[in-house]
Amino acid sequence: MTENQPSRRDLMKPLQLVGLAFVAALFAGGVTLVSMGFFQSKPADEAQGALVLALIVAGIVFIATLLIVSLLLLVVDPAQVAAPVDRPVLYDPEPDATDGPETPPTR
């Protein structure tokens, strides 16, 4: 019986990565617009400046989110995703019997 190993493409799901980056960019652009008072009654040049800055911030956040998430996904080994974990994760690795007793470091 063969195990169905996930491929790197299955792990990354490109459409989900772009969607996550797009949502983060919309959020950052919206926060920028609200914080600069775009929705208040202001002169047209101030509103236009706030809109331009919000688009710049949204673009930066889109690219940064896409880059960070994709680099973090490159760290994941597809073989380790399906591997069962049968011991506590935060414990130190069990020493091998062939290592022998540990000696304190000398100065």
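Being a predicted model, the structure only gives us computed values, none of them experimental.

Basis of the calculations
- Residues numbered from 1 in each chain as written.
- Predicted model: local features only at pLDDT ≥ 70, side-chain atom pairs only at ≥ 80, totals over all residues.
- Heavy atoms only, no water.
- Helix = DSSP H or I, 4+ residues; strand = E, 2+ residues; numbered from the N terminus.
- Buried < 20%, exposed > 50% of the residue type's maximum accessible area, 1.4 Å probe, protein only.
- Contact = heavy atoms within 4.5 Å.
- Areas by Shrake-Rupley, 256 points an atom, 1.4 Å probe, with all protein chains shown as cover.
- Phe/Tyr/Trp six-rings, centres within 6.5 Å; stacked < 30°, edge-to-face > 60°.
- Patch = residues over 30% accessible without salt bridge, like charges linked within 9 Å, V, L, I, M, F, W, Y side chains within 5 Å.
- Salt bridge = Lys/Arg side-chain N within 4 Å of Asp/Glu carboxyl O.
- Axes fitted to C-alpha atoms, helices over the stretch in contact; angles between N-to-C directions.
- Parallel < 35°, antiparallel > 145°, perpendicular 65-115°, else oblique.
- Left-handed = near helix turned anticlockwise from the far one by under 90°.
- Nonpolar A, V, L, I, M, F, W, Y, C, P; charged D, E, K, R; others polar.
- Expected span 1.5 Å × (residues − 1).
- pLDDT = per-residue confidence, 0-100.

Engineer: What should I look at first to understand the overall build of the protein chain in this one?
Structural biologist: Scanning the protein chain for helices and strands turns up four helices and zero strands. Across the protein chain, helices and strands are ordered from the amino to the carboxyl terminus as α-α-α-α. Of all 107 residues assigned to the protein chain, the portion counted as buried reaches 13%. In the protein chain, the proportion of contacts linking residues at least 24 apart, taken out of those at least 6 apart, comes to 73%. Of the roughly 9,100 Å² of accessible surface on the protein chain, 66% is carried by carbon and sulfur atoms.

Engineer: For this particular structure, what's the right way to read the environment of A24?
Structural biologist: Locating A24 in the fold gives a position in helix α2 (residues 14–35). Between the alpha carbons of A24 and V61 there is a distance of 6.8 Å; along the sequence they are 37 residues apart. Apart from residues no more than four positions distant in its own chain, A24 is found in contact with V61 and T65.

Engineer: So what exactly am I meant to see when it comes to the packing of aromatic side chains here?
Structural biologist: Aromatic rings considered in pairs are described by the distance between their centres and by the relative angle of their planes. Enumeration over the complete set of coordinates arrives at one aromatic pair. Note on F38 and F39: the rings are 5.3 Å apart at their centroids and 80° apart in plane angle, and the pair reads as edge-to-face. On the basis of relative accessible area, F39 is assigned to the exposed category, the value being 61%.

Engineer: It is not clear to me how a nonpolar patch on the surface should be interpreted in this structure. Could you clarify?
Structural biologist: Taken together, the side chains of M36, V52, L53, I56 and I60 make up a nonpolar region of the molecular surface, amounting to roughly 410 Å² of accessible area. I60 gets classed as exposed once you look at its relative accessible area, which sits at 54%.

Engineer: What exactly am I supposed to notice about the packing of α2 against helix α3 (residues 44–75) here?
Structural biologist: How two helices pack is summed up by the angle between their axes together with the distance between the axes. Packing of α2 against α3 leaves a shortest axis separation of 7 Å and a crossing angle of 150°. By the angle between their directions, the pair α2 and α3 is classed as roughly antiparallel. The hand of the α2/α3 crossing is right-handed. For the pair formed by α2 and α3, the contact residues are L17, V18, L20, A21, F22, A24, A25, A28, G29, T32 and L33 on the first element and A50, L51, L53, A54, V57, A58, V61, F62, T65, L66, V69 and L73 on the second. Residues belonging to the contact of α2 with α3 are distributed by class as follows: 20 nonpolar, three polar and no charged.

Engineer: Just checking my understanding: could you explain α3 for this structure?
Structural biologist: Quick reminder: α-helices carry 3.6 residues per turn. Residues three or four places apart thus point the same way. The end-to-end C-alpha distance of α3, which contains 32 residues, comes to 47 Å, matching closely the 46 Å that a straight helix rising 1.5 Å per residue would cover. Buried residues of α3: A47, A50, A54, A58 and T65, and no others. Looking at the buried residues of α3, the elements they touch are α2.

Engineer: What is the right way to read the confidence of the model for the protein chain from this model?
Structural biologist: Per-residue confidence for the protein chain gives a mean pLDDT of 82, with 73% of residues at or over 70. Here helix α1 (residues 8–12) stands out as the least confident element of the protein chain, with mean pLDDT 63; α2 is the most confident, with 94.

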